[in-house]
Amino acid sequence: MGFIEELKWRGMLQDMIPETEDYVNSGSASAYIGFDPTSDSLHVGNLATIMLLVHFQRYGNKPIALVGGATGMIGDPSGKSAERNFLDEGQLRLNQNCIEKQLRQFLDFDGDAAAVVVNNYDWMKKISFLDFIRDIGKHITVNYMMAKDSVKNRIEGQGISFTEFSYQLVQGTDFYHLFSEMDCKMQMGGSDQWGNITTGVELIRRKRGDKAFALTCPLVTKADGSKFGKTESGNVWLDRERTSPYKFYQYWINASDEDAVKLIKVFSLKSKEEIESMILQHEKEPHLRIIQKALAEELTERVHSKSDLTKAIEATNILFGKSTKDQLVDLSERDILEVFEGVPTFHIGRDDLSSSPGIIDFLAGTTEILSSKGEARRSVKENSISVNKEKVGDAKLVSDSDLISDKYIVVQKGKKQYFLVVVD
RNA sequence: GGGGGGAUACCAAAGCGGUCAAAUGGGGCAGACUGUAAAUCUGUUGGCUACGCCUUCGUAGGUUCGAAUCCUGCUCCCCCCA
């Protein structure tokens, strides 16, 4: 099986320039993908295109990750209804470094097909405006550029600045540069990049009469229409400071049955046979959540580490397993801190408990777990509040006897929302 | 420049003098069912010292016993004509 075949069965192939397959199979191909440095961390939404590079490299090809220092200063109009704000150079540099570090977790930077990270700011900054419009702009017609969906939509809609209009040429310049300087004849990306990518292919054809190759993968979507890689609280990041390993693990565990099948094909490095047999099992016994677990385990380990994974699983067992108050009480202080890492935590004084506040006051007064007493009353009435894993009614008084390790109280709202109260 | 329409809770959208803390839909949250899934059903979705009180319908004033509803100034949006 070749690289293209691999992408096909994984559902990762959307569009392809003719003869791309021949190029990839020719031996040592080289391809690049651009990453936007709008933040200092990548998120799981970037993961699909990272996987393109990973698979590409596994077939012996050389992957190039381009960090868009220059393009990040302009803003891609694709999928955007309005103009973007600029980022300053210092911020961009910082973001680039962080992103490069994250990419190193996925790609092999040694050997014959060693991955490379490049930054387009390094060559774009040397190109003067006159050079640009003479050497690049001359080769592509405005008619061609306006026909791209990303541009067309904006011309018919909110309008588009010249800056963003020229984005596809800047990205095309990148491709041209890598083609000429690094013999990189191929560009990959998400399907939203198709328009920008083909401009580069066209530029190379007109300017040097050479054929360049490209392919895109479909954007990962969820069955319920919500955006992949997002939770109520925002993006799911690869950076542990932004998304803890536990939350990262939980994101995958919570995938719906339908989504899980799609996701494992895209994100797992397991073999075709292995994945297909898992899907069969999954369809027979969905309640075991084989695929969700496999996904969560594989990705948490790759993005974070084996020990982070172990901790995430332990925390999951305690929080979602059949654990009872007794097991909670048995936890050592260290376990508690570890399990509840990243859980919203409230600190109270010891005297706050001496008066044995009622549960309503405790939730919305002593602590700020809930924002008002009205909400606290409602939640208790809805039977959604648990203290140390036990449902409580409105007559509940909170006192010293509720303390675990003489210091902690675990509060739950519903099944999934945990809060830790620490008595200092 | 001329004419017209609009701004209501997280969003969309009713209400056009008291019966409005404000219909309805979506979203959120919770409960039931389950598998920490999906679908479905139910409840809930301004605050409080709570059969009452307080603050909210762009903003600042005014009329009135009483205003989201009427009047005036201001800010912002949209449409049509030029």
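For every chain, the first residue of the written sequence is number 1, and numbering continues from 1 along that sequence. The order in which chains are written sets their letters, starting at A; the order in which ligands are written sets their numbers, starting at 1. In keeping with the model being predicted, local features are shown solely for residues with a pLDDT of at least 70 and side-chain atom pairs are shown and tallied solely at 80 or more, while totals for entire chains, interfaces and linings include all residues. Only hydrogens and water are set aside; all other atoms, that is, all heavy atoms of the structure, feed into the side-chain values.

With respect to the side chain of Arg302
Worth spelling out the cut-off: Put simply, DSSP H or I for four residues or longer makes a helix, DSSP E for two residues or longer makes a strand, and each gets a number counted from the N terminus. Exposure is judged per residue with a 1.4 Å probe applied to protein chains only, and the accessible area is read against the type maximum: over 50% gives exposed, under 20% gives buried, and values in between give partly exposed. In protein, a polar contact requires one atom able to donate a hydrogen and another able to accept it; more generally it is a pair of N or O atoms within 3.5 Å, and residues adjacent in sequence count only if both atoms are side-chain atoms. Only heavy atoms enter the contact rule, under which two residues are in contact if any of them lie within 4.5 Å.
As for its placement among the helices and strands, Arg302 is situated in helix α15 (residues 290–303). Exposure remark for Arg302: the relative accessible area of 17% places this residue in the buried category. A polar contact is formed between the side chain of Arg302 and the side chain of Glu298, at a distance of 2.8 Å. Not counting the four nearest positions on each side in its chain, Arg302 is found in contact with Met51, Gln105, Phe106, Phe267 and Leu269.

A word on a negative patch on the surface
For the record, the criterion: Only residues whose relative accessible area exceeds 30% and that form no salt bridge enter a patch; like-charged residues are grouped when within 9 Å of one another, and nonpolar side chains (Val, Leu, Ile, Met, Phe, Trp, Tyr) when within 5 Å. Reported accessibility uses the Shrake-Rupley method at a 1.4 Å probe radius. Residues are deemed covered only where the shown protein chains occlude them. Salt bridges are counted wherever a side-chain nitrogen of Lys or Arg sits within 4 Å of a carboxyl oxygen of Asp or Glu. Positive charge is attributed to Lys and Arg, negative charge to Asp and Glu, and no charge count is given to His or to the chain ends. To locate a charge, the coordinates of NZ of Lys, CZ of Arg, CG of Asp or CD of Glu are taken.
Taken together, the side chains of Glu241, Glu314, Asp335, Glu338 and Glu341 define an acidic patch exposed on the protein surface. If you trace the backbone, Glu241 turns up in the loop between β8 (234–235) and α12 (245–253). Assessed through its relative accessible area of 70%, Glu241 is described here as exposed.

Examining the domain arrangement of chain A
Inclusion rule: These domain boundaries are the output of an automatic or database domain assignment.
Domain parsing of chain A yields domain 1 (3–217), domain 2 (230–320) and domain 3 (325–423). Computed over C-alpha atoms only, the centres of domain 1 and domain 3 are separated by 50 Å.

Details of the packing of aromatic side chains
Geometry of an aromatic ring pair is reported as the spacing of the ring centres plus the angle between the planes. Heads up, the condition is: Any two rings among Phe, Tyr and Trp, with Trp reduced to its six-membered ring, count as a pair given centres within 6.5 Å; such a pair is stacked if its planes are under 30 degrees apart, edge-to-face if over 60, and tilted if neither. Working rule: Lys NZ or Arg CZ, within 6 Å of ring centre, within 35 degrees of ring normal, means a charge sits over the ring.
Following the criterion strictly, the structure yields 13 aromatic pairs and no others. Among the aromatic residues, ring-to-ring pairing joins Phe228, Phe248, Tyr251, Trp252 and Phe267 into one connected group. Arg104 extends its terminal NZ or CZ atom over the ring of Phe109, reaching a point 4.2 Å from the ring centre. The residue whose ring lies beneath Arg242 is Trp237, and the NZ or CZ to ring-centre distance is 4.4 Å.

Some points on the pattern of salt bridges
When the charged atoms of two side chains with opposite charge come close together, those side chains can pair. A complete count under the given rule lists 18 salt bridges for this structure. The salt bridge involving Arg93 is made with Asp122; its shortest N-O contact spans 3.5 Å. On the criterion of sequence distance, the pair formed by Arg93 in helix α4 (residues 89–103) and Asp122 in helix α5 (residues 121–124) is long-range, its members being 29 residues apart. Here Glu202 makes a salt bridge to Arg206, at a shortest N to O gap of 2.6 Å.

Side note on a nonpolar patch on the surface
A grouping of Phe129, Leu130, Ile133 and Phe162 is seen on the molecular surface, where their side chains present a nonpolar patch of about 460 Å² in accessible area. Top contributing element to the nonpolar patch by residue count: helix α6 (residues 129–136), with 3 residues. Within the fold, Leu130 resides in helix α6.

Notes on the sheet that holds strand β11 (residues 390–391)
Using the following cut-off: A pair of strands counts as paired when DSSP detects no fewer than two bridges linking them.
Read from one edge of the open sheet, 5 strands run β9-β13-β12-β10-β11, paired in mixed fashion. On the outer flanks of this sheet lie β9 (345–348) and β11, each paired with one strand and no other.

Observations concerning unusual backbone geometry
In this structure, Arg289 is a non-glycine residue whose phi angle is positive, near 50°. Take Arg289: it is sitting in the loop between α14 (272–284) and α15.

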